[in-house]
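Structural features, examined
So you can see what is in the structure, the chains are spelled out below.
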Amino acid sequence: MDQAVDKQTMVETGTPLTESEKNAIIAGVLLSMLLAALDQTIVASAMPTIGHALGHAQYLPWIVTGYLLTATAMAPLYGKISDVYGRRPTVYAAILIFLAGSLVSAMAPNMFVLIVGRAIQGAGGGGLFTLTQTVIGDLVPPRERARYAAWISGTWAVASIAGPLLGGTFAEHLHWSLIFWINIPLGLLAMAIINNPLKKLPIAAKRHRIDGLGALLLVVATALLLLALNWGGSEYPWVSREILGLLAASAVFWAGFSLRLLRAAEPLISLEVLSNPIVLGGTSSMFLLQAANIGLAVYLPVYLQSIVGLSVSESGLAMLGLLLGTVVGATFSGRMIPRFTHYKRIAMVGVLFSIICLGLLALVAAHASLLMVEILTVCIGLGSGTTFPVATVSVQNAVDRPHLGVATGVLTFLRSLGSALGVAMLGAVALGYGLPLAAGEGTLAVGQVISAEPFVMIFLVAAATLVLALITLWLMPEKALRGQAEHAPVMAE
């Protein structure tokens, strides 16, 4: 069914990239990815100001939800598009769509237009997440690629820390629209940096096509599922007809998408990629790891405020331990992978370490000191951070270059989907054990007495999710990493 893709040839004219050109491309795509990551976090602290300025504050959560929906749904599409039409035009399209959404958001006269602008931003941002890793995969052989995964983790950490600070500063001291205006010069700078060297990346033959019906089914199925995960337990009860209806509709569209994959002449996601046991193992482990990590990152500040006794700002600073631990873990893993034949053991040991630390955190949750919590959360980050380079490199190493974009898109898609599922899953645990959160905000309700029991269960469920991630890593086959000699040279169009 996918033989045409397997026989795909690259256009080669004999002009390899220099090291400086490779570094320029990597710097440019990381800058564009930083913009997309920042826009997931930068609006949170400015939302009260935006609500006061534009009115209709009841729709403020859609500023975040609109971006998340389109960014997640579009991620796997960009992988396929870049495999068919080449990286350069696809990267440019993603940046331009993101900048168009930034312009609409910055000039929004009302809340509805701002939500539309955020959805447009997400449609471009989802591509930037996928394409950054795909382009790095084009430039660097798998044996050397792991160290760049640490750069990507660092980019996410910078966005997590700088986003709320910048958003709050712009909203309080300047104007909230600067949150979006700042993307314009930085996005254009990224395009200027990568313009010439990116021309030398190979492009695929033009005879291939995008399965439009499959893309539509995937986007609708994903959007319905994310709406159910976002609204469940906050806007509507989990067993309400609204949430059950969304889940049922999503299941119908997922079934339609699966049928389309089986019947399409050239499916949106190659069956060869989906049936690859390494791709299945790597993407599943990333899905589960992200579910545990992001869910923990949402509810750990609530624990720090209610049990440890920190203020809102102090709990934000205390979260730096988890973020920095993740970056250090990813950096260590990236440097160690080329030195190990059985490189997945690095991630397995790291995840096991995180499980033990989460278990200890659950054990001492009722009486832990701030120092103890910080040590344990740093260790949790260290352990889980080792998985990001291993999963990314394993998945990309398992496929040939014509399928690199699709495989990376699937990995990015499941990573984002895992984030949404993790927040919903641990939110359900919190509500089930009586944790009084303000609806959909992840903040403490005023005037409530909090016990440690909900947090014990949250930490245990996160640990159980990591156990599943460990099992998927253990079952995932290993393939020897390709070196420079086995990596197809990067040639000009």
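Whatever comes next refers back to the structure up there.
Since this is a predicted model, take the numbers as computed values, not measurements.

1. Re the overall build of the protein chain
- Counting its secondary structure elements, the protein chain contains 20 helices and zero strands.
- Burial status across the protein chain gives 56% buried among its 493 residues.
- Counted over contacts in the protein chain with a minimum sequence separation of 6, partners at least 24 positions apart contribute 85%.
- As presented, the protein chain carries roughly 19,600 Å² of accessible surface, and 69% of it is formed by carbon and sulfur atoms.

2. Comments concerning the packing of helix α16 (residues 344–364) against helix α17 (residues 370–385)
- Contact geometry for α16 and α17: axes closest at 7 Å, N-to-C directions at 155 degrees. By the angle class used here, α16 and α17 are roughly antiparallel. By crossing handedness, the relation of α16 to α17 is classed as left-handed. Side by side, α16 and α17 meet where Gly350, Val351, Phe353, Ser354, Cys357, Leu358, Leu360, Leu361 and Val364 of the first sit next to Met372, Val373, Leu376, Cys379, Ile380, Gly383 and Ser384 of the second.
- Among the residues making up the contact of α16 with α17, the classes are represented as twelve nonpolar, four polar and no charged.

3. Focus: helix α20 (residues 453–475)
- Between its first and last C-alpha atoms α20 spans 33 Å; for 23 residues at 1.5 Å apiece the expected length is 33 Å, and the two agree.
- Within α20, the full set of buried residues consists of Pro454, Phe455, Ile458, Phe459, Ala462, Ala463, Thr465, Leu466, Ala469, Leu470, Thr472 and Leu473.
- Tucked into the core, α20 has its buried residues touching α13 (277–308), α16, α18 (387–397) and α19 (404–432).

4. Brief notes about the layout of surface pockets
- The calculated volume of the second largest pocket comes to roughly 320 Å³.
- Taken together, 17 residues line the second largest pocket, and the ones lying closest to its centre are Trp254, Leu274, Val410, Phe413 and Leu414.
- Within the lining of the second largest pocket, the residues separate by chemical class into 14 nonpolar, three polar and no charged.

5. A short note on a nonpolar patch on the surface
- On the surface, Leu103, Met107, Leu174, Leu178 and Trp181 cluster together into a nonpolar patch covering about 470 Å² of accessible area.
- Mapped onto the secondary structure, Leu174 falls in the loop between α7 (142–173) and α8 (178–181).
- Residue classification places Leu174 among the exposed residues on the basis of a relative accessible area of 56%.

6. Describing the packing of α17 against α18
- Closest axis-to-axis distance for the α17/α18 pair is 5 Å, and the angle between their directions is 15 degrees. Taken together, the axis directions place α17 and α18 in an arrangement best described as roughly parallel. Residues Gly383, Ser384 and Gly385 of α17 form the contact with α18, whose participating residues are Thr387, Phe388 and Pro389.
- Classifying every residue of the contact of α17 with α18 by side-chain character gives two nonpolar, four polar and no charged.

7. Some words on the environment of Asp83
- Tracing the chain through its elements places Asp83 in helix α4 (residues 61–85).
- In this structure Asp83 comes out as buried when scored by relative accessible area, which is 5%.
- Separated by 321 residues in sequence, Asp83 and Leu404 have C-alpha atoms that sit 7.3 Å apart.

8. As for the packing of aromatic side chains
- Per the counting criterion, the structure on display carries four aromatic pairs.
- Ring geometry for Trp254 against Phe257: centres 6.1 Å apart, planes inclined by 75 degrees, an arrangement best described as edge-to-face. With Trp254 and Phe257 both in helix α11 (residues 241–263) and three residues apart, the pair spans about one turn of that helix.
- Seen from their ring centres, Tyr303 and Phe455 are 5.4 Å apart, and the 65 degrees between their planes marks the pair as edge-to-face. Residue Tyr303 is found in helix α13, and its partner Phe455 is found in helix α20; the two are separated by 152 residues along the sequence. Each member of the pair, Tyr303 together with Phe455, is buried.
- An aromatic cluster of at least three residues, connected via ring pairs, comprises Trp254, Phe257 and Phe413.

Reading the values: rules and limits
- Residues numbered from 1 in each chain as written.
- Predicted model: local features only at pLDDT ≥ 70, side-chain atom pairs only at ≥ 80, totals over all residues.
- Heavy atoms only, no water.
- Helix = DSSP H or I, 4+ residues; strand = E, 2+ residues; numbered from the N terminus.
- Buried < 20%, exposed > 50% of the residue type's maximum accessible area, 1.4 Å probe, protein only.
- Contact = heavy atoms within 4.5 Å.
- Areas by Shrake-Rupley, 256 points an atom, 1.4 Å probe, with all protein chains shown as cover.
- Axes fitted to C-alpha atoms, helices over the stretch in contact; angles between N-to-C directions.
- Parallel < 35°, antiparallel > 145°, perpendicular 65-115°, else oblique.
- Left-handed = near helix turned anticlockwise from the far one by under 90°.
- Nonpolar A, V, L, I, M, F, W, Y, C, P; charged D, E, K, R; others polar.
- Expected span 1.5 Å × (residues − 1).
- 1 Å grid on protein atoms, 1.4 Å probe; cavity = no way out; pocket = protein on both sides within 12 Å on 5 of 7 lines; lining within 4 Å.
- Points joined across faces, edges and corners; volume = space filled by probe spheres on them.
- Patch = residues over 30% accessible without salt bridge, like charges linked within 9 Å, V, L, I, M, F, W, Y side chains within 5 Å.
- Salt bridge = Lys/Arg side-chain N within 4 Å of Asp/Glu carboxyl O.
- Phe/Tyr/Trp six-rings, centres within 6.5 Å; stacked < 30°, edge-to-face > 60°.

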